[in-house]
Amino acid sequence: MAAVFGLFFLSGFSALVLPVVWMRELSLLFGATAQAAVATLAAFFLGLAAGSAYWGRRSRRIARPLRSYALLELGVMAAGLGYFLLAPAFAAQYGMLYSHLAEPATGLLQAITLLLALVLLSPAAFFMGGTLPVLSAWLVRHPAALGRLVPLLYGVNTAGAAIGALSAAFLLPPLLGHGGSYLLALALASGIALTAWWLGGRGSAQGHCAPSWTRPSTRWSGASSVFRAADPERMLPDLTADSAAVGTVV
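Reading guide: rules and limits
Each chain has its residues counted from 1, following the order in which its sequence is written. Reporting in this predicted model follows two pLDDT cut-offs: at least 70 for local features of residues, and 80 or more for side-chain atom pairs to be given and counted; totals over whole chains, interfaces and linings ignore these cut-offs and use all residues. Water and hydrogen atoms play no part in the side-chain values, which are based on all heavy atoms of the structure. The pLDDT score gives, residue by residue, the confidence of the prediction method on a 0 to 100 scale. Counting from the N terminus, the helices are DSSP H or I runs at least four residues long and the strands are E runs at least two residues long. Remark: nonpolar core denotes a set of buried residues (Ala, Val, Leu, Ile, Met, Phe, Trp, Tyr, Cys) joined through side-chain atoms within 4.5 Å. The buried label goes to any residue with under 20% of its type's maximum accessible area, the exposed label to any with over 50%, and the partly exposed label to all in between, with areas taken from a 1.4 Å probe on protein chains only. Contact criterion: two residues are considered in contact whenever any of their non-hydrogen atoms come within 4.5 Å of each other. Ring geometry is summarised as follows: Phe, Tyr and Trp rings, the Trp one being its six-membered ring, pair when their centres sit within 6.5 Å, and such pairs are stacked at plane angles under 30 degrees, edge-to-face over 60 and tilted between the two.

Chemist: Describe the confidence of the model for the protein, naming the residues involved and giving the relevant values.
Modeler: Per-residue confidence for the protein gives a mean pLDDT of 77; residues scoring 70 or more make up 69%. The element-level mean pLDDT for the protein is lowest in helix α8 (residues 214-235), coming to 42, with helix α3 (residues 65-80) highest at 94.

Spelled out as structure tokens, the structure:
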């Protein structure tokens, strides 16, 4: 159990390095605006929500949850590699788009920003969203453990995510550069996948899904959290030109 919790901490760390780099890329393309930062957050959370819903429905039927978790981490790595193809291709066309759309159709340019964020972020976030339900299926051997162990698992993952976000913004770029930081996150996802696959061969356990009465409250909690995060995204760039850094801190 300690090994799995450690893997999930590293999973949170690597998962938040990716959107920080994506946020910087969008800021370089579209300017250090709140819209670029919020587009990154929205695309990331939409992918997480879709992945959590999709994989959560299937988690109770998974025979080897740790090995399924390993495959999800591999999916994160594979989807993350698309960044190296899509971002340069779009950057090459951005000058033409801006000259045609910036003045007459600012709203359309912002829509393209959101679309690019969705294409870059959502596939990887979709696989990230399945990691908690799948690991919960391994962890929860009895419904009574739901209120004790699953929140702890989520807390460990969130702590890793917070450290990963701050590291990707302030610590890793001076050492590795933004591209090196991104590759480090993908390498971590690969290492997590290999370790989880090996652990999954040592046994597995079926689990239980969350009670149905918790789902509506969880949806509203998620919506209010994003609203609270997006509001500082709108106000704080007035104090600094670097909305990517602001988004990372938020």
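Chemist: Could you give me a rundown of the nonpolar core, with the residues and numbers involved?
Modeler: Core analysis: the biggest nonpolar cluster contains 30 residues, and V17, L18, W22, Y83, M128 and Y182 have the highest contact counts within it. Those residues in contact with V17 that lie beyond four places of it in its chain are G164, A168, L172, S181 and A185.

Chemist: Describe the packing of aromatic side chains, naming the residues involved and giving the relevant values.
Modeler: Applying the stated rule across the entire model yields 7 aromatic pairs. Look at Y54 and W55: their rings are 4.9 Å apart centre to centre, the planes differ by 90 degrees, and that puts the pair in the edge-to-face class. W55 gets classed as partly exposed once you look at its relative accessible area, which sits at 21%. Their ring planes at 50 degrees and their centres at 6.1 Å tell us that W55 and F126 sit as a pair that is tilted. Here W55 is found in helix α2 (residues 34-58), whereas its partner F126 is found in helix α5 (residues 106-129), with 71 residues between them in sequence. The exposure class assigned to F126 is partly exposed, which follows from its relative accessible area of 24%.

Chemist: How would you summarise the side chain of S122 if you had to cite specific residues and measurements?
Modeler: You can see S122 is positioned in helix α5. Its relative accessible area of 15% is what places S122 among the buried residues. Among residues more than four places away in sequence, those in contact with S122 are A43, G47 and A117.

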